[in-house]
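One-letter residues, chain by chain:
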Number of protein chains: 2
Amino acid sequence: MTIRVGIFGYGNLGRGVESAIRQNPDMKLAAVFTRRDPSTLKIKTEGVPVLNIADAEKMVNDIDVMILCGGSATDLPTQTPETVKLFNVIDSFDTHAKIPEHFDAVDTEAKKSGKVGIISVGWDPGMFSLNRLYGGAILSEGKDYTFWGKGVSQGHSDAIRRVEGVIDAKQYTIPVDEALEAVRSGAEPELTTRQKHLRECFVVAKDGADKAKIEKEIKEMPNYFADYDTTVHFITKEELDRDHSGIPHGGFVIRSGKTGFNKEHNHIIEYSLKLDSNPEFTASVLVAYARAAYRLSLDGVSGCKTVLDIPPAYLSAKSGKELRKELL
Amino acid sequence: MTIRVGIFGYGNLGRGVESAIRQNPDMKLAAVFTRRDPSTLKIKTEGVPVLNIADAEKMVNDIDVMILCGGSATDLPTQTPETVKLFNVIDSFDTHAKIPEHFDAVDTEAKKSGKVGIISVGWDPGMFSLNRLYGGAILSEGKDYTFWGKGVSQGHSDAIRRVEGVIDAKQYTIPVDEALEAVRSGAEPELTTRQKHLRECFVVAKDGADKAKIEKEIKEMPNYFADYDTTVHFITKEELDRDHSGIPHGGFVIRSGKTGFNKEHNHIIEYSLKLDSNPEFTASVLVAYARAAYRLSLDGVSGCKTVLDIPPAYLSAKSGKELRKELL
């Protein structure tokens, strides 16, 4: 049976989900929902309706799982609890500090409606969280490290664009090689913010702008840059569009721990991602968890779940028997 | 409530489990079982009984989970189905080709007894299997790579010891750097056995033995060495004991895949282990899954399971609430 997926929100993430569904023969796109006038939206999949979200209720029998592709700041805190009243849902809510509150809100509505909501799906939170969990459960005495990058930080790029005299900008977060090597050595170092990551900025300035002033303002910006070693490169708009239009990202989760009656043995567990497209990879994770939500729902499960709760086999299109034979 | 763990078999793996239990405050060692005369066995934990396996039945009310620490060739195929008649069990059965058959045997008995048996726990099968599953579920179009090492292969070391003129030997399996780099590039190369791993041997020969003949015999040994680039070093027994007494291991699971409407974006997911002690790390994984078996059993679950079936949160001593707050 084909899993019928709905997409709510058609930005980079929504388009990534549309593309990922095509790579999974057990799924099909059932509809795309928007808060705008649907006639203004042209999607890539032929014959699939684009509907206003107000019409979602008419589609309850045509959609098995709805993937919410809005933002964590203002969209998901209300959209996920609202949508789970009608559908099994997946979201990528990534405001770490507010996850417990979001979980409770979704859980309450999901239990009332008898639906499943899997929240905070993606890679951090998501696959990185899973690796922090597995690493800590296995090496119970040890230390966790998370590094991000090399990749584009949307928030930091936006912060640079707000500096006077800046037309456009792209910021890369880069893990410091020496810090990674120190962690991999098993030494369990204490690392400062500055020791862990560099920030590299590519900035297009207005004609005649005071570049020295812009650079100083970026480097001293509190929270965003002041605690980091930051490099600023001024380039042309053409160079920015040619060389920095991608949305790569990635990172590392490392667990360093000790075992033995005298803690004499070191172990390093390392998980890393190198992603050409952050939204398309996140979308691929969302689609795998949509499969899990569908199956949990068939099992009669309801309520809010996270990646930490989902049996791994539920993500795969293969049967338990195939998985044991081919992958175990 | 403390989880009471039994150990069956007290070799390197059993001692590793004993040590790992000390690192987990929610667990305690309840008894060690052996097929030998218990009076010949001295364990490291004071006040814990050593019993003959024939007396296991008397301990059914004192042990929540039994961890089986025997070998896959001859012990576990009978021990796991036998033991699950009385206890929840964990084993590290690692004969990949026979896992389906072992699963069925354990499942039949576990369903009859109402117990949980989690089989093939460790790192390969085990954590590597999990990473093959997650990687393939997320990047559904792509290729899997598994590399082992650098680490000691017991089977290959044993094979060398059977060569005439050899007193002792240690064999290291080493992944080829160029192959790893080719995989990490996203090129999805086809790699031969020889291109993936090197074999390095440290050999203690008898006085006056024909070293050239020994080296030739090792390098040409079918299945074990003939398909690899193999290096043989002759060293003294003292050097072997001083420099090669450890049991390090590790390896890499890499998923390389593509996304996008035109498959224009590459992604690399890499999981790696660098282990000072193969048996102690495996033991740490077994102990984490013992926690999961105990919880599944409290949930009323019975039957055979593998790492692919277990919700990750079941491995951790922390509550769902703590995990969402601290790790997600």
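In this text the structure is predicted, and so the values were computed from the model without any measurement. (Residues numbered from 1 in each chain as written. Chains lettered and ligands numbered in written order. Predicted model: local features only at pLDDT ≥ 70, side-chain atom pairs only at ≥ 80, totals over all residues. Heavy atoms only, no water.)

## Observations regarding the relation of the copies chain A and chain B
Then comes step 1: For the pair chain A and chain B, the superposition axis carries a translation of 0.0 Å, the fit reaches an RMSD of 0.0 Å, and the rotation angle comes to 180 degrees. Classification of the inter-copy transformation places it as that of a two-fold axis.
Then comes step 2: Of the residues that chain A buries at the interface, 100% are likewise interface residues in chain B, meaning the two copies contact each other through the same surface. (Least-squares fit on C-alpha atoms with pLDDT ≥ 70 in both. Contact = heavy atoms within 4.5 Å.)

## Structural notes on the packing of aromatic side chains
Then comes step 1: Going through the model one piece at a time under the given rule, you end up with 7 aromatic pairs over all chains.
Then comes step 2: Between the aromatic rings of A:Y172 and A:F202, the centroid separation amounts to 5.7 Å while the plane-to-plane angle is 85 degrees, which identifies the pairing as edge-to-face. Remark: A:F202 occurs in strand β10 (residues 197-205) and A:Y172 occurs in strand β9 (residues 166-175); sequence separation between them is 30 residues.
Then comes step 3: Their ring planes at 75 degrees and their centres at 5.2 Å tell us that B:W123 and B:F128 sit as a pair that is edge-to-face.
Then comes step 4: Residue B:W123 is classed as buried on the basis of its relative accessible area of 7%.
Then comes step 5: Grouped by ring-pair contacts, the aromatic residues A:W123, A:F128 and A:Y271 constitute a single cluster.
Then comes step 6: A cation over an aromatic ring shows up here: A:K150 above the ring of A:Y172, its NZ or CZ 5.0 Å from the ring centre.
Then comes step 7: We note A:R324 situated over the ring of B:F103; from NZ or CZ to the ring centre the distance is 3.5 Å. (Phe/Tyr/Trp six-rings, centres within 6.5 Å; stacked < 30°, edge-to-face > 60°. Helix = DSSP H or I, 4+ residues; strand = E, 2+ residues; numbered from the N terminus. Buried < 20%, exposed > 50% of the residue type's maximum accessible area, 1.4 Å probe, protein only. Lys NZ or Arg CZ within 6 Å of the ring centre and 35° of its normal.)

## Considering the state of the cysteines
Residue and element names in this part refer to chain A.
Then comes step 1: Inspection of every chain in the model, using the stated rule, returns 0 disulfides over all chains.
Then comes step 2: Cysteine C69 remains unbridged, with the sulfur of C304 as its closest cysteine sulfur at 17 Å.
Then comes step 3: Among the residues examined, C69 registers a relative accessible area of 10% and is labelled buried. (Disulfide = S-S within 2.5 Å.)

## A closer look at the sheet that holds strand β13 (residues 265-275) of chain A
Then comes step 1: In space, the 6 strands of this open sheet follow the order β7(A)-β12(A)-β13(A)-β13(B)-β12(B)-β7(B), with antiparallel pairing throughout. Strands at the two margins of the open sheet, each flanked by one partner only, are β7 (142-148) of chain A together with β7 (142-148) of chain B. Across the sheet, the mean angle separating the axes of adjacent strands is 10 degrees when strand polarity is ignored.
Then comes step 2: Examined bridge by bridge, β7(B) and strand β12 (residues 249-259) of chain B share 7 bridges and lie antiparallel to one another. Directly across from B:D144, in β12(B), lies its bridge partner B:R255.
Then comes step 3: Of the strands in this sheet, β12 (249-259) and β13 of chain A together with β12 and β13 (265-275) of chain B touch helix α10 (residues 278-298) of chain A, which is tilted by about 70 degrees from β13(B).
Then comes step 4: Packed on one face of the sheet, helix α4 (residues 127-138) of chain B meets β13 of chain A together with β7, β12 and β13 of chain B and runs near 5 degrees to β12(B). (Pairing = 2+ DSSP bridges. Axes fitted to C-alpha atoms, helices over the stretch in contact; angles between N-to-C directions.)

## A look at the packing of α10(A) against α4(B)
Then comes step 1: Axis separation between α10(A) and α4(B) bottoms out at 8 Å; the angle between their running directions is 105 degrees. Relative to α4(B), the element α10(A) is oriented roughly perpendicular. Across the interface between the two elements, A:F281, A:S284, A:V285, A:A288 and A:Y289 of α10(A) pack against B:Y134, B:A137 and B:I138 of α4(B).
Then comes step 2: Of the residues belonging to the contact of α10(A) with α4(B), the class tally is 7 nonpolar, 1 polar and no charged. (Parallel < 35°, antiparallel > 145°, perpendicular 65-115°, else oblique. Nonpolar A, V, L, I, M, F, W, Y, C, P; charged D, E, K, R; others polar.)

## Here's the deal with the pairing of strand β4 (residues 65-68) of chain B
Successive residues of a regular strand alternate their side chains across the two faces of the sheet.
All names here are of chain B.
Then comes step 1: The side-chain alternation of β4 yields two buried faces, one formed by V65 and I67 and the other by M66 and L68.
Then comes step 2: Pairing between strand β1 (residues 3-8) and β4: 4 bridges, direction parallel. Of the residues in β4, the one forming a bridge with V5 is V65.
Then comes step 3: Here β4 runs beside strand β5 (residues 88-90); their pairing, made up of 3 bridges, is parallel. Its bridge partner being in β5, M66 is matched across the sheet by V89.

## Points about unusual backbone geometry
Then comes step 1: Note the cis peptide between A:G149 and A:K150, where omega equals -5 degrees.
Then comes step 2: With respect to the secondary-structure elements, A:K150 resides in the loop between β7 and β8 (151-152).
Then comes step 3: Of the consecutive residues B:D124 and B:P125, the connecting peptide bond is found in the cis state with omega at 5 degrees.
Then comes step 4: Tracing the backbone shows B:P125 in the loop between β6 (116-118) and α4.
Then comes step 5: A positive phi angle is found at B:K263, which is not glycine, with a value near 55 degrees.
Then comes step 6: The residue B:K263 is located in the loop between β12 and β13 in this model.

Limitation: the analysis is restricted to geometry and does not speak to function.
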